Amino acid sequence: MMKLEGLEAVEAGSPEYTGAPVGMLAELTYRCPLQCPYCSNPLEMDRVDTELTTAEWRDVMRQAGELGVLQVHLSGGEPTVRQDFEEILDAAVKADIYTNLITSGVTLTHERLERMVKIGLDHVQLSIHDTDPANAERISAYKGGAEKKREVAHWVKELGLPLTINIVVHRQNIENVPAMIDYAVEAGAGRIEVAHTQYYGWALRNFAALIPTREKFYESIRITDAARERLKGILFFDVVAHDHYAVRPKPCIGGWARRFLNITPSGKILPCHACETIPGLEIDNVRSRPLADTWFNGQAFQRFRGTAWMKEPCRSCERREIDWGGCRCQALTITGDAADADPACVLSPWHKEFAALAERESHKPPPAFIYRHMRAPRSATTQGQYYGAAVTTKP
């Protein structure tokens, strides 16, 4: 681990944070054969000719290891569309970082996965859309994906790797949550991530098509809780809750710039997936600034780190060092100010309208999906418009 010369421990609420990140999301490319309407990639994605080279990604892994990153999530897009994936993986393994491949599986071959295992890949996280093949194909806009995913899950276990099954839950597959849990057990997964859709990126663009009713959401939680109890010792559950029906916010990826960082395909260093939507953030790039210097001193990382930035009601809240103010991008989308209280919190002046938006949209017939693609219309960059009746003025 990198020795942090001249840095002393400080109080948890201080923006002068000296801890190393636990995890790094490495978005190797935004290219992907699927077109999932809930994709977390930005609406205007980095182009192929801006992607980091093999040598640059290998250097990022070296720097991450020196910084103290414990695990790297190799993601995209679909990371395995990069023909140099194995070389990037090799650099992460040599940096002594735990490696997790986040994949749709549809581009993998047994031979290639076997090569990854020999290099030192530690874990595979395989996403599925539904157990109903026709609905899975409709959601992903990709034919034959469901069958290929079952095959890949079998390969992962055959080659001795731990497997996580990831399901993104929304109104158009929520009825099949029990079947998707059974799928994970049958596939031999040790872990399932039941991730209720988080509304940024393409998911926000498709808000009305994806938002379930409050009743369906809570029913799915009851089903998941019962399955967690029934499958103790067989399947570990990691549940990402829905924000619109919450009363308290989740900590943004463990707290803004406290445990996590994200590297985009073109090398931008971000505190979270969606933060490029926040005005005034100075985004650094691995091509021009060392990773450690950005993590500790970068303006974007300091902006909402700790508690000093908080306004009321967050500033005096007893949970301010538990949820760290919640999601800054969600606050921006609803209130117009990223420093406002997360509207998922019942103490936020915008909370009632935030919940009401979901109630209204979830009871309407779902519109057609707007599928993820590499070139979004310029008008699609204004986040708030996709709620249909977004609140951008104070109550």
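The structure presented is a predicted model; accordingly, all values stated were derived computationally and were not measured.

What counts, and at which threshold
Residues numbered from 1 in each chain as written. Predicted model: local features only at pLDDT ≥ 70, side-chain atom pairs only at ≥ 80, totals over all residues. Heavy atoms only, no water. Helix = DSSP H or I, 4+ residues; strand = E, 2+ residues; numbered from the N terminus. Rg over C-alpha atoms; globule rule 2.2 N^0.38 Å. Buried < 20%, exposed > 50% of the residue type's maximum accessible area, 1.4 Å probe, protein only. Contact = heavy atoms within 4.5 Å. Areas by Shrake-Rupley, 256 points an atom, 1.4 Å probe, with all protein chains shown as cover. Expected span 1.5 Å × (residues − 1). Core = buried A, V, L, I, M, F, W, Y, C linked by side-chain atoms within 4.5 Å. Pairing = 2+ DSSP bridges. Axes fitted to C-alpha atoms, helices over the stretch in contact; angles between N-to-C directions. Phe/Tyr/Trp six-rings, centres within 6.5 Å; stacked < 30°, edge-to-face > 60°. Lys NZ or Arg CZ within 6 Å of the ring centre and 35° of its normal. Salt bridge = Lys/Arg side-chain N within 4 Å of Asp/Glu carboxyl O. pLDDT = per-residue confidence, 0-100. Polar contact = N/O pair within 3.5 Å; in protein donor to acceptor, adjacent residues only side chain to side chain.

Q: Tell me about the overall build of the protein chain, and please be specific about residues and values.
A: Of the regular secondary structure elements, the protein chain holds 13 helices and 10 strands. Relative to its length of 395 residues, the protein chain is compact, with a C-alpha radius of gyration of 20 Å against a globular reference of 21 Å. Overall, the protein chain is about 60 × 55 × 45 Å in size when its C-alpha atoms are taken along their principal axes. In the protein chain, buried positions account for 55% of the 395 residues. In the protein chain, of all internal contacts separated by at least 6 residues, the share reaching a separation of at least 24 is 75%. Counting only carbon and sulfur atoms, one obtains 52% of the accessible surface of the protein chain, whose full area is about 16500 Å².

Q: Quick rundown of helix H5 (residues 145–158)? Include the residues and the values.
A: An ideal rise of 1.5 Å per residue puts 20 Å on 14 residues; H5 measures up with 20 Å between its terminal C-alpha atoms. Within the sequence span of H5, burial applies to Gly-145, Ala-146, Lys-148, Lys-149, Val-152, Ala-153, Trp-155 and Val-156. Looking at the buried positions of H5, the neighbouring elements they touch are helix H3 (110–119), strand E4 (123–128), helix H4 (133–140), strand E5 (163–169) and helix H6 (177–187). Positive phi shows up at Gly-160, right after H5, with a value of about 85 degrees.

Q: Any details on the nonpolar core? Residues and values, ideally.
A: In terms of nonpolar packing, the biggest core is built from 79 residues, with Met-24, Met-61 and Ile-263 touching the most fellow members. Looking at this core element by element, the count peaks at 6 residues for H6. Apart from the residues lying within four places of it in its own chain, the contact partners of Ile-263 are Met-24, Leu-25, Ala-26, Glu-27, Leu-52, Trp-57, Val-60, Lys-268, Ile-269, Val-286 and Leu-291.

Q: Help me get a handle on the sheet that holds E4, residues and values and all.
A: Here 10 strands make up an open sheet; going across it, the order is E7-E6-E5-E4-E3-E2-E1-E8-E9-E10 and the pairing mixed. Of all strands in the sheet, those with a lone pairing partner are strand E7 (236–240) and strand E10 (284–285), marking the two edges. Of the strands in this sheet, E4, E5, strand E6 (191–196) and E7 touch H6, which is tilted by about 170 degrees from E5.

Q: Requested: an account of unusual backbone geometry, with residues and values cited.
A: Cis geometry is found at the peptide bond from Gly-76 to Gly-77, where omega equals 10 degrees. Here Gly-77 shows up in the loop between strand E2 (71–75) and helix H2 (85–94). Its identity is not glycine, yet Asp-96 carries a phi of approximately 65 degrees, on the positive side. Locating Asp-96 in the fold gives a position in the loop between H2 and strand E3 (98–103). Residues other than glycine seldom take positive phi values, yet Ala-141 does so here, at roughly 55 degrees.

Q: Tell me what's going on with the packing of aromatic side chains, and back it up with residues and numbers.
A: Per the stated rule, a full pass over the model turns up 7 aromatic pairs. Aromatic pair Phe-217 and Tyr-245: ring centres 5.8 Å apart, planes at 40 degrees, arrangement tilted. Of this pair, Phe-217 sits in helix H9 (residues 214–230) while Tyr-245 sits in the loop between E7 and strand E8 (260–263), placing them 28 residues apart in sequence. Judged by centre distance (5.6 Å) and plane angle (65 degrees), the rings of Trp-295 and Phe-301 are edge-to-face. We note that Trp-295, like Phe-301, is buried. Against the face of Trp-324 rests Arg-258, its NZ or CZ located 4.1 Å from the ring centre. Positioned above the aromatic ring of Trp-295, the side-chain terminus of Arg-305 is 4.9 Å from the ring centre.

Q: Break down the pattern of salt bridges for me, citing the residues and quoting the values.
A: It is possible for side chains bearing opposite charge to pair when their charged atoms get close. Under the defined criterion, the tally for this structure stands at 27 salt bridges. Residue Asp-90 is joined to Lys-94 by a salt bridge in which the shortest nitrogen-to-oxygen separation is 3.1 Å. Note that Asp-90 and Lys-94 are positioned in helix H2 at a spacing of 4 residues, about one turn of the helix. Among the residues examined, Lys-94 registers a relative accessible area of 64% and is labelled exposed. Here Arg-191 makes a salt bridge to Glu-193, at a shortest N to O gap of 3.5 Å. Using a relative accessible area of 16% as the deciding quantity, one classes Glu-193 as buried.

Q: Would you mind going over the confidence of the model for the protein chain in detail, with residue names and values included?
A: With 90% of its residues at a pLDDT of 70 or more, the protein chain has an overall mean of 90. Between residues 1–14, whose pLDDT stays under 50, and residues either more than four places distant or in other chains, the model counts 25 contacts. Here residues 377–386 is modelled with pLDDT under 50, and outside its nearest four sequence neighbours on either side it reaches 21 contacts, counting other chains as well.

Q: Which residues make up the side chain of Gln-125, and what values do they have?
A: Along the chain, Gln-125 falls in strand E4. For Gln-125, a relative accessible area of 9% gives the class buried. Side-chain polar atoms of Gln-125 contact the side chain of Asn-100, separated by 3.2 Å. Sequence-distant contacts of Gln-125, that is, excluding residues within four places in its chain, are made with Asn-100, Leu-101, Ile-102, Thr-103, Thr-164, Asn-166, Arg-191 and Glu-193.

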